[in-house]
Amino acid sequence: MVLLGAAAAGAAQTEAAGFNVKSAQPFLNERVLHVNARLDLALNARTEEALGKGIPIDVVIEVNLVKHRWWWGNKVVTDQTLRRRIQFHALSRQYLVSGLHGREPSESFGSLASALAHAGALEELTIALTAKKEIEPGARYLLQLRARLDIEALPMLMRPLAYTLPSWRLGTGWTEWPISHNRP
């Protein structure tokens, strides 16, 4: 009976884990895309255990500005990829979250929940559009957003296991959000 209860609790924890885009507020202002978004980056028991043993977890966040076309697939105007690394330091008992491109300073957190909340927060992300990127007045634009765990960033010996186990394939799938042309 105790084993059955433990198995059910483990299954509930596994089902609750996963990545999810909670909200996004994009807007265009003078050829600059501004994005504020919240992502829920819930880890399952397997990924949490690996993190606790010192294996860094990389999260890839992809942001696309697309022009909506009703007669054909949407056209990507511009895209940007952000990477966040989450690490656990056993000596300090702190979780470290860093942006891998050096633009964001590393920050440490006392709990995994706080570290994941910080990693999943896009605050005042700006993407400047080059002169070659056309923005048509009156056209409908969308923000496409997704986050996924980067299996390729895991240590080489862990990758075959991560590719075969569904518990390592964490991701949101693409979500779309309408873009307003002025600040909301």
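First, a word on scope: everything that follows refers to the structure included in this document. Here the residue index of a chain counts from 1 through its sequence in written order. Totals for whole chains, interfaces and linings use all residues, but because this is a predicted model, local features are given only for residues with pLDDT of at least 70 and pairs of side-chain atoms are given and counted only at 80 or more. Water and hydrogen atoms play no part in the side-chain values, which are based on all heavy atoms of the structure.

Below, the discussion takes up the pattern of salt bridges. One speaks of a salt bridge when a side-chain nitrogen belonging to Lys or Arg is within 4 Å of a carboxyl oxygen belonging to Asp or Glu. Counted according to the given criterion, the structure contains nine salt bridges. A salt bridge links Arg83 to Asp58; the shortest N-O distance between them is 3.5 Å. Linking Arg83 in strand S4 (residues 75-89) with Asp58 in strand S3 (residues 57-67), this pair joins segments that are 25 residues apart in sequence. Only protein chains enter the accessibility calculation, which uses a 1.4 Å probe; a residue whose area is less than 20% of its type maximum is buried, one above 50% is exposed, and one in between is partly exposed. Under the relative-accessibility criterion, Asp58 is labelled buried at 2%. Only DSSP runs of H or I covering at least 4 residues are called helices, and only runs of E covering at least 2 are called strands; the numbering of each starts at the N terminus.

With that settled, consider the pairing of strand S2 (residues 32-42). When DSSP finds two or more bridges between two strands, those strands count as paired. Bridge count between strand S1 (residues 18-29) and S2: 11 bridges; the pairing is antiparallel. Bridging across to S2, Ala24 finds its partner in Ala37. Between the end of S1 and the start of S2, which pair antiparallel, lie two residues, with Glu30 showing a positive phi angle near 50 degrees. Relative to strand S7 (residues 121-128), S2 is paired through six bridges, and the arrangement is antiparallel.

Turning our eyes to something else, we now look at the pairing of strand S8 (residues 141-149). Counting buried positions over the nine residues of S8 gives seven, a clear majority of the element. Both S8 and strand S9 (residues 175-178) contribute to a ladder of four bridges, which runs antiparallel. By the bridge assignment, Leu143 is partnered in S9 with Trp177.

The next point concerns the environment of Pro155. Relative to the assigned elements, Pro155 resides in the loop between S8 and helix H4 (159-164). As for Pro155 and Pro56, which are separated by 99 residues in sequence, their C-alpha atoms are 8.9 Å apart.

What follows deals with the sheet that holds S7. Read from one edge to the other, the open sheet built from three strands follows the order S1-S2-S7, with strand pairing classed as antiparallel. The open sheet has two free edges, formed respectively by S1 and S7, since each of these has just one partner strand. Across this sheet, the average inter-strand angle for adjacent strands is 20 degrees, counted without regard to direction. The axes are straight lines fitted to the C-alpha atoms, using for helices just the contacting stretch, and the angles between their N-to-C directions are given from 0 to 180°.

Note that Glu62 resides in strand S3. In this structure the side chain of Glu62 is engaged in a polar contact, spanning 2.6 Å, whose partner is the side chain of Arg146. The contact rule is simple, with two residues in contact once any of their heavy atoms fall within 4.5 Å. The residues touching Glu62, leaving out its near neighbours within four places in the chain, are Gln80, Thr81, Gln144, Leu145, Arg146, Arg148 and Trp174. Between N or O atoms, a polar contact is any pair within 3.5 Å; within protein, one atom must be a potential hydrogen donor and the other a potential acceptor, and residues adjacent in sequence are included only when both atoms are from side chains.

Following the sequence through the fold, Gln144 ends up in strand S8. Separated by 3.1 Å, the side chains of Gln144 and Glu176 make a polar contact. Apart from the residues within four sequence positions on either side, Gln144 is in contact with Glu62, Val63, Asn64, Val66, Asn74, Trp174, Thr175 and Glu176.

What is shown is where atoms sit, not what they do.
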